[in-house]
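Observations on the model geometry
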Amino acid sequence: MTTAAARPWAAVRRTAAYKETVKALWRANPISKQILGICSALAVTVQLETALVMSLALTGVTAGSSLAVSLLRKAIPRNIRIIVQVAVIATLVILADELLKAFLFDVSKQLSVFVGLIITNCIVLGRSEAYALNHPPGQAFLDGLANGVGYSSVLLGVAFFRELLGSGKLFGATVIPEAFYRAGYVNNGLLVLAPGAFIMIGLFVWLEHTLLERK
Amino acid sequence: MSGSAKSLLFTAVLCVVCSLLLTAASSGLRPYQERNILIDRHRNVLLAAGLIEPGRKLGEAEVEALYAGRIRELRVDPAGRILEGAERARPEGLPLYLIQEEGEVRGYIVPIDSRGLWGPIQAYLAIDRDGQTVKGFAVTRHAETPGLGGEIEKEWFRRNWVGKKIATREGTFVSVAIAKGKVEEEVPEPKRPHYVDGISGATMTGRFLTAGIRDSLSRYEPVSIRFRRNQIAEWEKTLPPARP
């Protein structure tokens, strides 16, 4: 890389926003480091398509609720702040669910209850309580977005391996050649079931911790 | 203003704002959602009837055109008599769909209402003009676990149903059941026409759906008997004229 191109990058790296983003994506990834949002990560990662839409919905809700809570942060009475945050999150989740039903009906049918269950996802309330309540709206929005993407990265990774090894498909299209099956290759049924997801997420957590230690 | 009064006021305002937002979204999006649900139902009726090639995604307009041309919605009473005009609103009336081609009835579709493991299952079972051979099966609504019970809506499971028999050769009603495992391994030869392959990891879904299909089909048995005894020509004469 030339120095001219590297310099603005170095400037970006010093900003608080960059540091927070990297933290959310990698050093304090909600799933693999904080072990949050495991329930949905187990449930929607059988197929990549559902994992992707779930990731988008959760990212949207986290970013939106962080923004809204941050905008209201000076008005929210401290004693009822959790109730207020949950009300904001619940509203956004129902909005996301209604939008999916109106414009992405097929995927919404597959995700069924899991969109509604975003309300109970600790990542959303966690970011809003720990970050958005005492940071300005721009930073809070970025933090919500970065945590959503951090969650998505693990979700999509897990879904990739579960769909590939469990059903021999990616995004619903068969990718394992027919010849493999004729030669005796069998899809791993365990990966389609919840225990398979546990093992896969465990491997991801292990991998990320090992990679971090090396640094 | 005291602390608790401020809290109460803030909560009240927040509640009003959130409710307004949700009401606006819900009523604004309802026409889109209802249209999606209707199209999805029509698509699944056509899928059950075998009028859509598997794997082909039809647009809304295509689905509606095909549905209008090939499917006829009827209501029948529990004795299999066709209800007309004001009678159609009678509570004991059952919805029935006829598959038509060039004015001739090629088969009929029975809506299946079943219990599932996590919620109700709604499906369609299309039966041939002979009143016993299954033409196709399609699930339109369910809340089963994706990848397990959720497989009931998948192509490989739907394909299972084609050619199965809901009655014996003598015409006695037996329904079609979902086997636990592969039919070829689990079910003795003479019973195989009345079983489809099960889904591993979804025994309960299969059990509920088997019961739901038996219940729904037995309610429509008077209609099936007419088809089986080949009394269709006469029955067709009682059909109200098709709406233009």
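This one's a predicted model, so the numbers in the text were calculated from it and none came from an experiment.

1. Quick word on the nonpolar core
Within the largest apolar cluster, 35 residues are counted, with the highest numbers of intra-cluster contacts made by A:Ile31, A:Met54, A:Leu111, A:Ile118, A:Leu155 and A:Ile201. When contributions to this core are tallied by element, the ones reaching two or more residues are α3 (38-43), α4 (48-72), α5 (81-103), α6 (105-111), α7 (122-130), α8 (137-167) and α10 (194-214) of chain A. A total of seven residues in this core trace back to one element, the largest contributor, which is α4(A). Every residue in contact with A:Met54, bar those within four places of it in the chain, is listed here: A:Ser40, A:Val44, A:Leu111, A:Phe114, A:Ile118, A:Tyr151 and A:Leu155. Of all hydrophobic cores here, the second largest spans 33 residues; its members include B:Leu96, B:Ala123, B:Ile127 and B:Val139.

2. Some words on the pattern of salt bridges
The final tally for this structure, using the stated rule, is 17 salt bridges over all chains. Residues A:Arg81 and A:Glu129 are paired through a salt bridge, measuring 2.8 Å at the closest nitrogen-oxygen approach. Taken together, the residues span a long stretch of sequence, with A:Arg81 in helix α5 and A:Glu129 in helix α7 at a distance of 48 residues. We classify A:Arg81 as partly exposed; its relative accessible area is 24%. For A:Glu129, a relative accessible area of 25% corresponds to the partly exposed category. Residues joined in a network through salt bridges with shared partners are B:Asp77, B:Arg81, B:Glu87, B:Arg90 and B:Glu92.

3. Digging into empty space enclosed by the protein
Within this structure, the stated rule accounts for two cavities of 30 Å³ or more. Quantified by volume, the largest cavity comes out at close to 80 Å³. If you go around the largest cavity, the residues you meet are A:Gln47, A:Gln110, B:His142, B:Glu144, B:Pro146, B:Gly147, B:Gly150, B:Glu153 and B:Lys154. Among the residues making up the lining of the largest cavity, the classes are represented as one nonpolar, five polar and three charged. What lines the second largest cavity is A:Ala43, A:Val44, A:Val46, A:Gln47, A:Thr50, A:Gln110, A:Leu111, A:Phe114 and B:Pro146. Tallied by class, residues from the lining of the second largest cavity come to six nonpolar, three polar and no charged.

4. Here's the deal with the layout of surface pockets
Quantified by volume, the second largest pocket comes out at close to 510 Å³. Lining the second largest pocket are 20 residues, with A:Lys101, A:Phe105, A:Lys109, B:Arg141 and B:His142 positioned closest to its centre. Counting residues per element, the ones that place at least two in the lining of the second largest pocket are α5 and α6 of chain A together with α1 (3-49) and β5 (134-141) of chain B. Tallied by class, the residues present in the lining of the second largest pocket amount to seven nonpolar, seven polar and six charged.

5. Remarks on the interface of chain B and chain A
Interface size is often expressed as the accessible area that is lost when the parts come together. Counting from both sides, the interface comprises 25 residues of chain B and, opposite them, 25 residues of chain A. Where chain B abuts chain A, roughly 2200 Å² becomes buried across the two surfaces, and 67% of that area is made up of carbon and sulfur atoms. Looking only at chain B, the three residues that lose the most surface to chain A are B:Phe10, B:Leu22 and B:Pro146, adding up to 24% of its buried area. Where chain B touches chain A, the interface holds zero salt bridges. The interface formed by chain B and chain A includes four residue pairs in polar contact (both at pLDDT 80 or more). It is α1(B) that contributes the most residues to the side of chain B that touches chain A, 17 residues altogether. Classifying every residue of the side of chain B that touches chain A gives twelve nonpolar, eight polar and five charged.

6. Quick look at the pairing of strand β3 (residues 104-114) of chain B
All names here are of chain B. Within β3, eight of the eleven residues are buried, leaving the element largely enclosed by the surrounding structure. As paired elements, strand β2 (residues 94-101) and β3 share five bridges and run antiparallel to each other. For Glu 101, the partnering residue across the bridge sits in β3 and is Glu 104. Hairpin geometry of β2 and β3 is characterised by an intervening segment of two residues between the two adjacent antiparallel strands and by a positive phi of about 45 degrees at Glu 102. Across eight bridges, the pairing between β3 and strand β4 (residues 121-128) is antiparallel. The residue of β4 that forms the bridge with Tyr 108 is Ile 127. The loop that links β3 with its antiparallel partner β4 comprises six residues.

7. Thoughts on the sheet that holds β3(B)
Residue and element names in this part refer to chain B. Pairing is antiparallel in the open sheet, where five strands are placed in the order β1-β2-β3-β4-β5. A single partner strand is all that each edge strand has here, and the edge strands are β1 (71-76) and β5. Neighbour-to-neighbour, the strand axes of this sheet turn through a mean angle of 25 degrees, independent of strand direction. Across the sheet, α1 touches β1, β2, β3, β4 and β5, and the angle it forms with β5 is around 160 degrees. Strands in contact with helix α5 (residues 203-219) are β2, β3, β4 and β5; relative to β3, the strand with the most contacts, it is inclined by about 130 degrees.

Analysis parameters
Residues numbered from 1 in each chain as written. Chains lettered and ligands numbered in written order. Predicted model: local features only at pLDDT ≥ 70, side-chain atom pairs only at ≥ 80, totals over all residues. Heavy atoms only, no water. Core = buried A, V, L, I, M, F, W, Y, C linked by side-chain atoms within 4.5 Å. Buried < 20%, exposed > 50% of the residue type's maximum accessible area, 1.4 Å probe, protein only. Helix = DSSP H or I, 4+ residues; strand = E, 2+ residues; numbered from the N terminus. Contact = heavy atoms within 4.5 Å. Salt bridge = Lys/Arg side-chain N within 4 Å of Asp/Glu carboxyl O. 1 Å grid on protein atoms, 1.4 Å probe; cavity = no way out; pocket = protein on both sides within 12 Å on 5 of 7 lines; lining within 4 Å. Points joined across faces, edges and corners; volume = space filled by probe spheres on them. Nonpolar A, V, L, I, M, F, W, Y, C, P; charged D, E, K, R; others polar. Buried area = accessible area lost by both parts, 1.4 Å probe. Polar contact = N/O pair within 3.5 Å; in protein donor to acceptor, adjacent residues only side chain to side chain. Pairing = 2+ DSSP bridges. Axes fitted to C-alpha atoms, helices over the stretch in contact; angles between N-to-C directions.

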